[in-house]
Amino acid sequence: MQATAVDVYVFSGTGNTLLAARELVRALREEGVEAELRRLETSRPESVRRDRALGLAFPVAVQSTYPLVWKFVEGLPPGEGREVFMLDTLARFSGGAVGPLKRVLSRKGYACVGAREFVMPSNFGHIGASGKNRERIEKTLPRVAAYARDLVSGKTRWPRLPLFSDLVRLFSRGDRCWKWLGGLLAVDRDRCTRCGLCIRLCPVGALESGEDGYPRRGGACQSCMRCVSFCPASAVTFRGKVPARYRAVSAGELLGG
């Protein structure tokens, strides 16, 4: 990577990607790069600065990533040769993220200089970042820092497996799977305290406050698991059950506090 300044746009569901993006920015700064972290879900793609390299950080979902991330990428202005790199976090494997993203960005005229995936705890793991989850995070963050150093020294690459990755991306592209996943989430009114935290955390406005103060559907849920993981009363259920929740950061950190 030749750029000396970069903006890293991050979307994080329950905090894994935010931790990785923070470490990436820290390590880039240590290497003398002017790096800033920006929230992807509250940024307009057309407003990205053209005098800085572009970084993208996001979680893997349905072996690709969330529609809100794709919407941001597809809304980016022409690259005009500007450098771009990415990282994603995942529990097991992806297939439909790295290659398809490179295709979109290359067609827009970006120079794709690096892509790397990092294993982090599952969103369906145990509450908090303790025990095995903490061990996995502690093993991963040094690898993120190494990725930053490799970017600066030009030792990174952005691979692409056209047929396989495009087929995986095609599976996750339709609305049907996201509607099905979103339909598995519900609010248990007997538990809900009407604090409104789930509404504030939702990155796509899929929840809104009803006339009685209880959260209700206001849009298309993308199953990022924020509402499940951060509800202080465990009132958001998955398939009618309260799942074992996982969160790697505080709600305030996701909200930019």
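Up top you'll find the structure we're talking about.
All chains use their own residue numbering, which begins from 1 and follows the written sequence. Local features in this predicted model are restricted to residues whose pLDDT is 70 or higher, and side-chain atom pairs enter the listing and the counts only when it is 80 or higher, whereas totals over whole chains, interfaces and linings include all residues. To get the side-chain values, all heavy atoms of the structure are used, and hydrogens and water are removed first.

1. Concerning the overall build of the protein
No. 1: Check the secondary structure of the protein and you find nine helices and nine strands.
No. 2: Against the compact-globule benchmark of 18 Å for 257 residues, the protein has a radius of gyration of 18 Å, which places it among compact chains.
No. 3: If you line up the protein on its principal axes, its C-alpha atoms span 55 × 35 × 35 Å.
No. 4: For the protein, the residues scored as buried account for 53% of the 257 residues in total.
No. 5: In this analysis, two residues are considered to be in contact whenever any of their non-hydrogen atoms come within 4.5 Å of each other. Restricting the contact set of the protein to residue pairs at least 6 apart, pairs at least 24 apart contribute 79%.
No. 6: Using the Shrake-Rupley algorithm and a 1.4 Å probe, accessible areas are obtained, with residue cover drawn only from the displayed protein chains. Accessible surface computed for the protein: about 12,300 Å², of which carbon and sulfur atoms make up 50%.
No. 7: Positive charges are assigned to Lys and Arg, negative charges to Asp and Glu, while His and the chain termini are left out of the count. Lysine's charge is taken at NZ, arginine's at CZ, aspartate's at CG and glutamate's at CD. Taking the 41 positively charged and 25 negatively charged side chains of the protein as two groups, their mean positions are separated by 5 Å. To qualify as a helix, a DSSP run of H or I must reach at least 4 residues; to qualify as a strand, a run of E must reach at least 2; elements of each kind are numbered from the N terminus. Note on method: radius of gyration uses C-alpha positions; expected globular size equals 2.2 Å times residues raised to 0.38. Exposed residues in this analysis have more than 50% of their type's maximum accessible area, buried residues have under 20%, and partly exposed residues fall in between, with area computed by a 1.4 Å probe over protein chains only.

2. Some details on the side chain of Thr89
No. 1: Note on placement: Thr89 falls in strand S4 (residues 83-90).
No. 2: Since its relative accessible area comes to 4%, Thr89 is described here as buried.
No. 3: Residues contacting Thr89, with those up to four places away along its chain left out, are Asn16, Thr17, Ala20, Phe58, Pro59, Val60, Phe118 and Met120.

3. What to know about helix H3 (residues 98-107)
No. 1: Of all the positions in H3, only Val98, Gly99, Pro100, Leu101, Val104 and Leu105 are classed as buried.
No. 2: Positive backbone phi, at 95 degrees, marks Gly109, one or two positions downstream of H3.

4. A few points about the pattern of salt bridges
No. 1: By definition here, a salt bridge exists when the distance from a side-chain nitrogen of Lys or Arg to a carboxyl oxygen of Asp or Glu is within 4 Å. Inspection of every chain in the model, using the stated rule, returns 16 salt bridges.
No. 2: Put simply, Asp51 and Arg49 hold a salt bridge, and the shortest N to O gap is 2.8 Å.
No. 3: Asp51 gets classed as exposed once you look at its relative accessible area, which sits at 55%.
No. 4: One continuous salt-bridge network, built from bridges that share partners, spans Asp7, Glu34, Arg38 and Arg52.

5. Details of the packing of helix H2 (residues 67-74) against H3
No. 1: Their axes nearest at 10 Å, the elements H2 and H3 cross at an angle of 25 degrees. Regarding the angle of H2 to H3, the classification is roughly parallel. Every residue of H3 that contacts H2 at Trp70, Val73 and Glu74 is listed here: Pro100, Leu101, Val104 and Leu105.
No. 2: Throughout this entry, Asp, Glu, Lys and Arg are counted as charged residues, while Ala, Val, Leu, Ile, Met, Phe, Trp, Tyr, Cys and Pro are counted as nonpolar. The remaining residues, Gly among them, count as polar. Split into classes, the residues belonging to the contact of H2 with H3 amount to six nonpolar, no polar and one charged. Comment: axis = line fitted to C-alpha atoms, over the contacting stretch for helices; angle = value between 0 and 180 degrees taken between N-to-C directions. Geometric relationships in this document are graded by angle, where less than 35 degrees denotes roughly parallel, more than 145 denotes roughly antiparallel, 65 to 115 denotes roughly perpendicular, and other angles denote oblique.

6. Describing the sheet that holds strand S3 (residues 53-59)
No. 1: Ordered by their spatial adjacency, five strands build an open sheet running S2-S1-S3-S4-S5, and the pairing between neighbours is parallel. Two strands bound the open sheet, and with one partner strand each, they are strand S2 (34-39) and strand S5 (111-119). The sheet shows a mean angle of 20 degrees between the axes of neighbouring strands, taken without regard to direction.
No. 2: Bridge count for S4 against S5 is eight bridges, and the pairing is parallel. From the neighbouring strand, Thr89 faces S5, where its bridge partner is Phe118.
No. 3: Running at roughly 160 degrees to S5, H3 makes contact with S3, S4 and S5 of the sheet. Two strands qualify as a pair provided DSSP detects at least 2 bridges between them.

7. What to know about the side chain of Arg82
No. 1: Assignment of secondary structure puts Arg82 in the loop between H2 and S4.
No. 2: Buried charge without a salt bridge: Arg82, with Glu80 as the nearest opposite-charge side chain at an N-O distance of 6.3 Å.
No. 3: Excluding its chain neighbours within four sequence positions, the residues that come into contact with Arg82 are Val48, Arg49, Arg50, Arg52, Ala53, Pro77, Gly109, Tyr110 and Ala111.

8. Thoughts on the packing of aromatic side chains
No. 1: Note on aromatic contacts: the rings of Phe and Tyr and the six-membered ring of Trp form a pair at centre separations within 6.5 Å, being stacked when their planes are under 30 degrees apart, edge-to-face when over 60 apart, and tilted otherwise. A full pass over the atoms with the stated rule returns three aromatic pairs.
No. 2: Taking 5.2 Å as the distance between ring centres and 40 degrees as the angle between the ring planes, the aromatic pair formed by Tyr9 and Phe72 counts as tilted. A residue pair is termed long-range when its members are at least 10 positions apart, and Tyr9 in strand S1 (residues 5-10) and Phe72 in helix H2 qualify at 63 residues.
No. 3: Each ring, one from Phe11 and one from Tyr66, has its centre 5.6 Å from the other, and the planes form 85 degrees; the classification is edge-to-face. With Phe11 in the loop between S1 and helix H1 (16-30) and Tyr66 in the loop between S3 and H2, the pair connects residues that are 55 residues apart, well separated along the chain.
No. 4: By relative accessible area, Phe11 is classed as buried at 0%.
No. 5: Residue class for Tyr66 comes out buried when judged on its relative accessible area of 4%.

These results come straight from atomic positions and should not be treated as a statement about function.
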